[in-house]
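Descriptive structure summary
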Amino acid sequence: MDFKAISSVVAEDFEAVNRFITHHLDTEVPLIREVGEYIVDSGGKRLRPLVGLLSARASGYTGAQHVDVAAVIEFLHTATLLHDDVVDESSLRRGRPTVNAVWGNSASVLVGDFLISRAFQLMVALRDQRLLEILSQSTNTISEGEVLQLINTRDPSTTEPSYMRVIHHKTAKMFESAAETGAVLGARTETDFSQAFATFGRHLGVAFQLIDDVLDYQGDVNELGKNVGDDLAEGKPTLPLIYAIQHGAPEQAGLIKDAIRTGGLEQLEQAIGQIVEIVHDCGGLSYTVERAAEQTRLALDALAPVPASRYKDALHNLAEESLKRTH
């Protein structure tokens, strides 16, 4: 069951989120409108809103407020991408030039700031203290994750626990919040029930990022929508690299450490092929996939208390499809 089929389970809700996003990107500032339209048209699966919609319906929610929450989550996520691309000096995302590549770093940062402020306007409009607590905490945790990643950048001594902490903060937290807010809407007084969804989202988010790490060493730019080896060029010690450093021969580990310290596609042009081969041969990719599979199992186990429904089935399928994806 592919992502399109999974999203069809909440097709009307999903379309409502898209309309909501388009409407609330409207502003009297032309540059924000222009960049906003570019972002909306750039595609993307909108997985985090999808998790929120499915979690709400799987929790028995029958209202419409989950659409607003899902849109807030997408605004926050998009803002982090805009800021990420500036910090990482990225020029390509989803197969298209990044906002900073087209309009410059200043526009990318400031439009990202607009999206965060608009998200908080919408959060306040929800008039729900519990939802506001979850979403505001999520925003703070993700910001911490960005700084943790910055600390690890160009540091070849980064350990697996340290890297996993970055993933939990930077990527998994938004998946967790999407699932938890959906469940809170559907089961307002059942904390254990909403925590089951939060646990599902957290493990799903970790698995998703680990597969992203694997994909950075597979495929080509057209398939992945980014430059192969980007994480390495940005000096990010992701799990495949960490594992290869720990299990490769001394000269192999030394080459990877030097690459992490140096970074830059031009500097790595001659070494990138060799490093990709080392990561493959040392088992870095297979190990990372195993860890992702473990996280997926934990995500699925967390849904055990949730009553059977087509929405729960869709969440199961989403977790399994995320593990198998090739882009």
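Quick caveat, the model's predicted, so the values are computed rather than measured.

Section: the overall build of the protein
Each helix and strand counted, the protein has 18 helices and two strands in total. Compactness check: the protein gives a C-alpha radius of gyration of 20 Å against a globular reference of 20 Å for 327 residues, within 12% of the reference. Principal-axis analysis of the C-alpha atoms gives the protein an extent of 60 × 50 × 30 Å. Out of the 327 residues in the protein, the part that is buried amounts to 57%. The contacts in the protein between residues at least 6 apart in sequence include a share of 76% that link residues at least 24 apart. Of the accessible surface of the protein, which amounts to about 14,300 Å², a share of 50% is contributed by carbon and sulfur atoms.

Overview of helix 8 (residues 129-152)
An ideal rise of 1.5 Å per residue puts 34 Å on 24 residues; helix 8 measures up with 35 Å between its terminal C-alpha atoms. Along its buried surface, helix 8 packs onto helix 5 (65-88), helix 7 (105-126) and helix 9 (160-186). The opening residue of helix 8, the one whose side-chain oxygen lies 3.1 Å from the backbone nitrogen of Arg-130, is Asp-128.

Regarding the environment of Val-17
Position of Val-17 relative to the elements: it lies in helix 2 (residues 11-24). Remark: the alpha-carbon pair of Val-17 and Leu-50, spanning 33 residues in sequence, is separated by 9.4 Å. Non-local contacts of Val-17, meaning those with residues more than four positions away in its chain, are made with Pro-49, Leu-53, Val-67, Ala-70 and Ala-71.

Re the packing of helix 13 (residues 239-247) against helix 14 (residues 250-262)
Viewed as axis vectors pointing N to C, helix 13 and helix 14 meet at an angle of 140°, and their least axial separation amounts to 8 Å. Facing Leu-241, Ala-244 and Ile-245 of helix 13, the residues of helix 14 in contact are Ala-253, Ile-256, Lys-257 and Ile-260. Taken together, the residues that form the contact of helix 13 with helix 14 break down as six nonpolar, no polar and one charged.

Observations regarding a negative patch on the surface
Taken together, Asp-26, Glu-28, Glu-34, Glu-37 and Asp-41 make up a surface patch of like negative charges. Inspection of the secondary structure puts Glu-37 in helix 3 (residues 30-41). Its relative accessible area of 51% is what places Glu-37 among the exposed residues.

Some remarks on the confidence of the model for the protein
In the predicted model, the protein carries a mean pLDDT of 90, and 93% of its residues have values of at least 70. Helix 17 (residues 284-302) holds the highest mean pLDDT among the elements of the protein, 97, whereas helix 11 (residues 221-224) holds the lowest, 48.

Thoughts on the packing of helix 4 (residues 47-58) against helix 5
Geometry of a packed helix pair, given as the angle between the helix axes and the separation of the axes. Across the interface, helix 4 lies against helix 5 with an axial gap of 8 Å and an inter-helix angle of 155°. By the criterion of interaxial angle, the relationship of helix 4 to helix 5 is roughly antiparallel. Relative to helix 5, the crossing made by helix 4 is right-handed. Contacts from Arg-48, Pro-49, Leu-53, Ala-56 and Arg-57 of helix 4 reach helix 5 at His-66, Val-67, Ala-70, Ile-73, Glu-74 and His-77. In terms of residue class, the contact of helix 4 with helix 5 is built from six nonpolar, two polar and three charged.

Observations concerning the packing of aromatic side chains
Both the distance between ring centres and the angle between the ring planes are used here to describe each pair of aromatic rings. Across all of its chains, the model carries four aromatic pairs by this definition. When the ring of Phe-175 is compared with that of Phe-208, the centres are 5.5 Å apart and the planes differ by 45°; the resulting orientation is tilted. Separated by 33 residues along the polypeptide, Phe-175 in helix 9 and Phe-208 in helix 10 (residues 191-215) bring together distant segments of the chain. Judged by centre distance (5.3 Å) and plane angle (70°), the rings of Phe-193 and Phe-197 are edge-to-face.

Calculation notes
Residues numbered from 1 in each chain as written. Predicted model: local features only at pLDDT ≥ 70, side-chain atom pairs only at ≥ 80, totals over all residues. Heavy atoms only, no water. Helix = DSSP H or I, 4+ residues; strand = E, 2+ residues; numbered from the N terminus. Rg over C-alpha atoms; globule rule 2.2 N^0.38 Å. Buried < 20%, exposed > 50% of the residue type's maximum accessible area, 1.4 Å probe, protein only. Contact = heavy atoms within 4.5 Å. Areas by Shrake-Rupley, 256 points an atom, 1.4 Å probe, with all protein chains shown as cover. Expected span 1.5 Å × (residues − 1). Polar contact = N/O pair within 3.5 Å; in protein donor to acceptor, adjacent residues only side chain to side chain. Axes fitted to C-alpha atoms, helices over the stretch in contact; angles between N-to-C directions. Nonpolar A, V, L, I, M, F, W, Y, C, P; charged D, E, K, R; others polar. Patch = residues over 30% accessible without salt bridge, like charges linked within 9 Å, V, L, I, M, F, W, Y side chains within 5 Å. Salt bridge = Lys/Arg side-chain N within 4 Å of Asp/Glu carboxyl O. Lys, Arg positive; Asp, Glu negative; His and termini not counted. Charge placed at Lys NZ, Arg CZ, Asp CG, Glu CD. pLDDT = per-residue confidence, 0-100. Parallel < 35°, antiparallel > 145°, perpendicular 65-115°, else oblique. Left-handed = near helix turned anticlockwise from the far one by under 90°. Phe/Tyr/Trp six-rings, centres within 6.5 Å; stacked < 30°, edge-to-face > 60°.

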